[in-house]
Amino acid sequence: MSSNPSSNNKAVDYSQVPDARGHFGPYGGRFVSETLIYALDELEALYRKLKDDPEFQAQFDYDLAQYVGRPSPLYFAERWTKETGGAQLYLKREDLNHTGAHKINNTIGQALLAKHTGKKRIIAETGAGQHGVATATVAARLGLECHVFMGEEDIHRQSLNVYRMKLLGAEVIPVTSGSKTLKDAMNEAMRDWVTNVDNTFYIIGTCAGPHPYPELVRDFQSVIGREARRQSLAQVGKLPDALVACVGGGSNAIGLFHPFLEDESVAMYGVEAGGYGLETGKHAAPLNDGIPGVLHGNRTYLMEDENGQIIETHSISAGLDYPGVGPEHSWLKDIGRVNYVAINDDEAMAAFRNLTKVEGIMPALESSHAVAYAEKLAREMDPDQMIIVNLSGRGDKDILTVAEIDGITV
Amino acid sequence: MSRIKQRFESLRQQGRKALVSYVVMGDPAKDVTLPVMHALVASGTDIIELGIPFSDPNAEGPVIQKAHERALAHGSSLRDALAQVKQFRETDSDTPVLLMGYTNPIERMGYDSFIEKAVDAGVDAVLTVDLPPEEAEEFSEHLKQANMENIFLLAPTSSPSRQKKVTDMAGGFIYYVSLKGVTGAGNLDVNSVNENVTSIRSLTDLPVCVGFGIKDGASARAVADLSDGVVVGSVLVNQIAALAEQGETNPAIYAAAVSVIIAEIREALDK
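Note on numbering: residues in each chain are counted from 1, in written sequence order. All chains are assigned letters beginning at A, and all ligands numbers beginning at 1, according to the order in which they are written. With the structure being a predicted model, the display of local features is reserved for residues of pLDDT at least 70 and the display and counting of side-chain atom pairs for 80 or more, all residues being used for whole-chain, interface and lining totals. As a rule here, side-chain values come from all non-hydrogen atoms in the structure, and water together with hydrogens is ignored.

1. Focus on the overall build of chain B
Formally: Under the scheme used here, helices are H or I runs from DSSP no shorter than 4 residues and strands are E runs no shorter than 2 residues, and both carry numbers assigned from the N terminus. Every radius of gyration here is taken over C-alpha atoms, with the globule rule written as 2.2 Å times N^0.38, N being the number of residues. Relative accessibility thresholds used throughout: buried, under 20% of the residue-type maximum; exposed, over 50%; partly exposed, between the two (1.4 Å probe, protein chains only). Contacts were defined at the residue level, with two residues in contact if any of their heavy atoms lie within 4.5 Å. All accessible areas in this document rest on Shrake-Rupley with a 1.4 Å probe, and a residue is counted as covered only by the protein chains that are shown. Under the convention used here, Asp and Glu are negative, Lys and Arg are positive, and both His and the chain ends fall outside the count. For this purpose, a charge sits on NZ of Lys, CZ of Arg, CG of Asp or CD of Glu.
When you go through chain B residue by residue, the secondary structure sums to 12 helices and nine strands. Compactness check: chain B gives a C-alpha radius of gyration of 17 Å against a globular reference of 18 Å for 271 residues, within 12% of the reference. On the principal axes, the C-alpha backbone points of chain B span a range of 45 × 45 × 35 Å. Across the 271 residues in chain B, those meeting the buried criterion constitute 63%. If you take every contact in chain B between residues at least 6 apart in sequence, the share linking residues at least 24 apart comes to 73%. With an accessible surface of roughly 10,000 Å², chain B has 49% of that area assigned to carbon and sulfur atoms. Where the 24 positive side-chain charges of chain B centre and where its 36 negative ones centre are 3 Å apart.

2. Description of the overall build of chain A
Regarding its fold elements, chain A presents 16 helices and 14 strands. Its C-alpha atoms give chain A a radius of gyration of 19 Å, within 12% of the compact-globule value 22 Å for 410 residues. Dimensions of chain A, computed from the C-alpha atoms along their principal axes, are close to 55 × 55 × 50 Å. Classification of the 410 residues of chain A by burial places 65% in the buried group. For chain A, restricting intrachain contacts to residue pairs at least 6 apart in sequence, the fraction spanning at least 24 positions comes to 75%. Total accessible area on chain A stands at roughly 13,900 Å², and carbon and sulfur atoms take up 50% of it. Side chains of chain A carry 38 positive and 55 negative charges; the gap between the two charge centres is 4 Å.

3. Re the packing of aromatic side chains
Geometry of an aromatic ring pair is reported as the spacing of the ring centres plus the angle between the planes. Residue and element names in this part refer to chain A. Basically, it comes down to this: For this analysis, a ring pair means two rings from Phe, Tyr or Trp (six-membered ring only for Trp) whose centres lie within 6.5 Å, classed as stacked if their planes differ by under 30 degrees, edge-to-face if by over 60, and tilted for the remaining angles. Working rule: Lys NZ or Arg CZ, within 6 Å of ring centre, within 35 degrees of ring normal, means a charge sits over the ring.
Considering all chains together, one arrives at 14 aromatic pairs over all chains under this definition. Judged by centre distance (5.9 Å) and plane angle (75°), the ring pair of Tyr-47 and Phe-220 falls under edge-to-face. You can see Tyr-47 sitting in helix H1 (residues 34-51) and its partner Phe-220 sitting in helix H9 (residues 213-221), a full 173 residues away along the chain. Neither Tyr-47 nor Phe-220 differs from the other in exposure class; each is buried. Ring centres of Trp-193 and Tyr-213 lie 6.2 Å apart, and the angle between their planes is 75°; this geometry places the pair in the edge-to-face category. With Trp-193 in helix H8 (residues 182-195) and Tyr-213 in helix H9, the pair connects residues that are 20 residues apart, well separated along the chain. Taken as a pair, Trp-193 and Tyr-213 share a single burial class, namely buried. The rings of Tyr-47, Phe-60 and Phe-220 are connected pair by pair, giving a single aromatic cluster. Over the face of the ring belonging to Tyr-75 we find Arg-93, whose NZ or CZ atom lies 5.9 Å from the ring centre. Geometry around Tyr-301 places Lys-333 over its ring, the cationic atom sitting 5.4 Å from the centre.

4. Quick look at the sheet that holds strand S2 (residues 27-31) of chain A
All names here are of chain A. Which entries qualify depends on this criterion: One bridge is not enough; two strands pair if DSSP finds at least two bridges between them. Interaxial angle, 0 to 180 degrees, is taken between N-to-C directions of lines fitted to C-alpha atoms, where a helix line uses only the stretch in contact.
Read across the sheet, four strands follow the order S1-S2-S12-S11 without closing on themselves; strand pairing throughout is antiparallel. The open sheet has two free edges, formed respectively by strand S1 (23-24) and strand S11 (291-295), since each of these has just one partner strand. Alignment of S1 against S2, held across two bridges, turns out to be antiparallel. Bridge assignment links Phe-24 to a residue of S2, and that residue is Tyr-27. Contacts from helix H13 (residues 327-334) reach S1, S2 and strand S12 (297-302), with the element oriented near 45° to S12.

5. Things to note about the nonpolar core
The test is simple: Residues belong to a common nonpolar core when they are buried Ala, Val, Leu, Ile, Met, Phe, Trp, Tyr or Cys residues joined through side-chain atoms within 4.5 Å. An automatic or database domain assignment supplies the residue ranges for each domain.
Counting residues in each nonpolar core, the largest one holds 85 residues, and the members touching the most others are Leu-113, Trp-193, Tyr-202 and Leu-256 of chain A. A per-element tally of this core places H1 of chain A first, with eight residues. When we break this core down by domain, the ones giving at least three residues each are domain 1 (22-64 + 103-217) and domain 2 (70-100 + 222-405) of chain A. The contacts of Leu-256 of chain A, once residues within four sequence positions are left out, are Ile-224, Gly-225, Ala-228, Leu-243, Val-244, Ala-245, Ile-388 and Asn-390 of chain A. Of all hydrophobic cores here, the second largest spans 66 residues; its members include Phe-31 of chain A together with Tyr-176, Val-232 and Ile-240 of chain B.

6. Considering the interface of chain A and chain B
Here is the rule: Buried area adds together the accessible area that both of two parts lose upon being put together, with accessible area traced by a 1.4 Å probe. Whenever Lys or Arg places a side-chain nitrogen within 4 Å of a carboxyl oxygen from Asp or Glu, that contact is recorded as a salt bridge.
On the side of chain B, 37 residues touch chain A, which itself brings 37 residues to the contact. Each partner contributes to the roughly 3,000 Å² buried at the junction of chain A and chain B, and carbon and sulfur atoms together form 45% of this total. For chain A, the biggest contributors to the area lost against chain B are Glu-34, Arg-191 and Gln-309 of chain A; these three give 23% of the whole. Put simply, chain A and chain B have five salt bridges between them. Arg-162 of chain B is the salt-bridge partner of Glu-34 of chain A, the closest N and O atoms lying 2.9 Å from each other. If you list the elements that add at least two residues to the side of chain A that touches chain B, you get S2, H1, H8, S11 and S12 of chain A. At eight residues, the largest contribution of residues to the side of chain A that touches chain B is made by H8 of chain A.

7. Brief notes about the environment of Glu-264 of chain B
Residues and elements named next belong to chain B. Looking at where Glu-264 falls in the secondary structure, it is placed in helix H12 (residues 251-270). Residues Glu-264 and Gly-44 lie 220 residues apart in sequence; the distance between their C-alpha atoms is 9.2 Å. Each residue touching Glu-264, except ones within four places of it in the same chain, is listed here: Asp-216 and Gly-217.

8. Examining the domain arrangement of chain A
Size of an interface, as often reported, equals the accessible area lost when the parts are brought together. Residue and element names in this part refer to chain A. The following threshold applies: Residue polarity follows a fixed list, in which Ala, Val, Leu, Ile, Met, Phe, Trp, Tyr, Cys and Pro are nonpolar, Asp, Glu, Lys and Arg are charged, and the others, Gly among them, are polar.
In terms of domain boundaries, chain A breaks down into domain 1 (22-64 + 103-217) and domain 2 (70-100 + 222-405). On the domain 2 side, the residues contacting the 41 residues of domain 1 number 43 residues. Summed over both partners, the interface of domain 1 with domain 2 comes to about 3,300 Å²; 59% of that surface belongs to carbon and sulfur atoms. If you sort the residues of domain 1 by the area they bury against domain 2, Tyr-27, Phe-31 and Arg-157 come out on top, with a joint share of 21%. Along the contact surface separating domain 1 from domain 2 lie zero salt bridges. Residues belonging to the side of domain 1 that touches domain 2 are distributed by class as follows: 19 nonpolar, 16 polar and six charged.

9. Quick look at the pattern of salt bridges
Taken as a whole, this structure holds 47 salt bridges over all chains when the rule is applied. The shortest N-O distance in the salt bridge between Arg-70 of chain A and Glu-227 of chain A comes to 2.8 Å. One end of the pair, Arg-70 of chain A, is in the loop between helix H2 (54-68) and strand S3 (74-76); the other, Glu-227 of chain A, is in helix H10 (residues 223-235), with 157 residues separating them in the sequence. Both residues of the pair, Arg-70 of chain A and Glu-227 of chain A, count as buried. The salt bridge involving Lys-164 of chain B is made with Asp-168 of chain B; its shortest N-O contact spans 3.0 Å. With a gap of four residues between them, Lys-164 of chain B and Asp-168 of chain B both fall in helix H8 (residues 160-169), about one helical turn apart. Using a relative accessible area of 41% as the deciding quantity, one classes Lys-164 of chain B as partly exposed. Ionic contacts of the salt-bridge type, sharing partners, join the residues Arg-30, Asp-41, Glu-44, Arg-48, Lys-51, Glu-215, Arg-218, Asp-219 and Glu-328 of chain A into one network.

Shown next as structure tokens:
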């Protein structure tokens, strides 16, 4: 097992980030055009007011329990552990949430905020479609108009989710600019928001974007880590030795990690998409192979060329196919609290097949990256040690992608 | 006195309004930009605003987005924009040139390196769309030391306190965005422009130019009456796009086409 990197940052007070202007160390902030400043100020003021409001929290907790089906189980994957050899592997079953992924935790929270603003129109960007589905779902429940921006490339890769969104009453708007993936969908959503800022609430799906989004997405997703911590103590009688989660924008990872940051004995691993391999440059792993820059309203690690142009990323998983990452992850990398590693397409595919076969649990291709890394990590650890893997979503949406790789037409 | 101050001072003395013209560096080819810049000046432009190509120009509407894509397709970059301004200065030492772009290409070059090259090229001012005052302190300090102006946007959604914060840091002129939306968007609300420009003027002595949504002589005239000048972009870029789509490669044709548009707007402004 790798040495615990947290031991040299005892002085860090994690409750003090971000600062008042949304900075996580040098990262985060608010890099947007002037028109949006007002809307962000308004959102921040609303969030500050509601964050500690017992009524708001009670409504959020109620929705998570009654609508999402929380708490999600912390499942001991006994057969997977045995087959892998090494540390005990537990899965935090976010795949069992309503709509099949962790994304709903955040959309429930942001939709409650939207309700308080009185805005009747919701927009969102989506990559794999899970955030789009989760947004369309809460919009349907609250009777709000919903428009989801999605790259043309992703619409092709994730046709099932596109249809789900349509059934839920959302309009899916194909984005044909740039690389036609998540980053371009986010650009288009920001353009829409600038234009319709008076009547529109933008539900960002990951812990990136301009302040206060990284903070509020983290807070809404932290239910994952709070539950996992409590469940670990109750079911196993101790804290886990390691946490593993995939990182695209990084919302499921920050949600799992954040409540454990002060637990110095808990090592953390964020798993980026290694695509065809870090050495090929065709991947989506800015924390492993990028440099800090400014995109989508925040400063963070990015994949870019020598002229500062954002480059096209590659991952088999649409949800990880993003050239940036949430700013808090950039900071956690720099201070050494979290290790950021990468898993290639092939390794993720193998993990997808393996977990499906040995546990009867089909992970999303995004989550498969975490599953693959956890197998490597477990083998380096002792059998009395314990790893929690965030199974951030279910793999049903990826069946067509997997079938295509197998040369099968479903 | 800076070129921008000089220009507004002489316009004021002549009782004329400023015409700021925007094109994207390298759209649709690198050799088109210099002849176009000179043609913009010859047909009546007072200040040139040169767009720095960026992969993710998320404040732009479809017209200017495509201009960025055309420029990036053959690798135009911030370096080329700086080189182009330097060349422009060989025969035009009077017309102010403002670089407009996004933060990341400038940060990638590094503030120090960028400023050094920009000063050497003869750039007068910079407008970074996604660098509001809260994040611009360091960059502003760099610009100030080099006697370059930092141009900021104000929007219909900017509160009076916000207007104050922005005007306190701004130099050159205030770029008032006439509508909620991206570049090239719809309808101009003259009453709202009037109200906001009046409010901004009560806070600063800087000239106020109005952009976004100005399509022709008539719309230019309407907002110029309320302000110190207008910014036109999408209408020029649209014309460049039309020629590019026809496969036009002769830079002189592009220069002639933008001249026609600017001449019409100039005439309306001077009436």
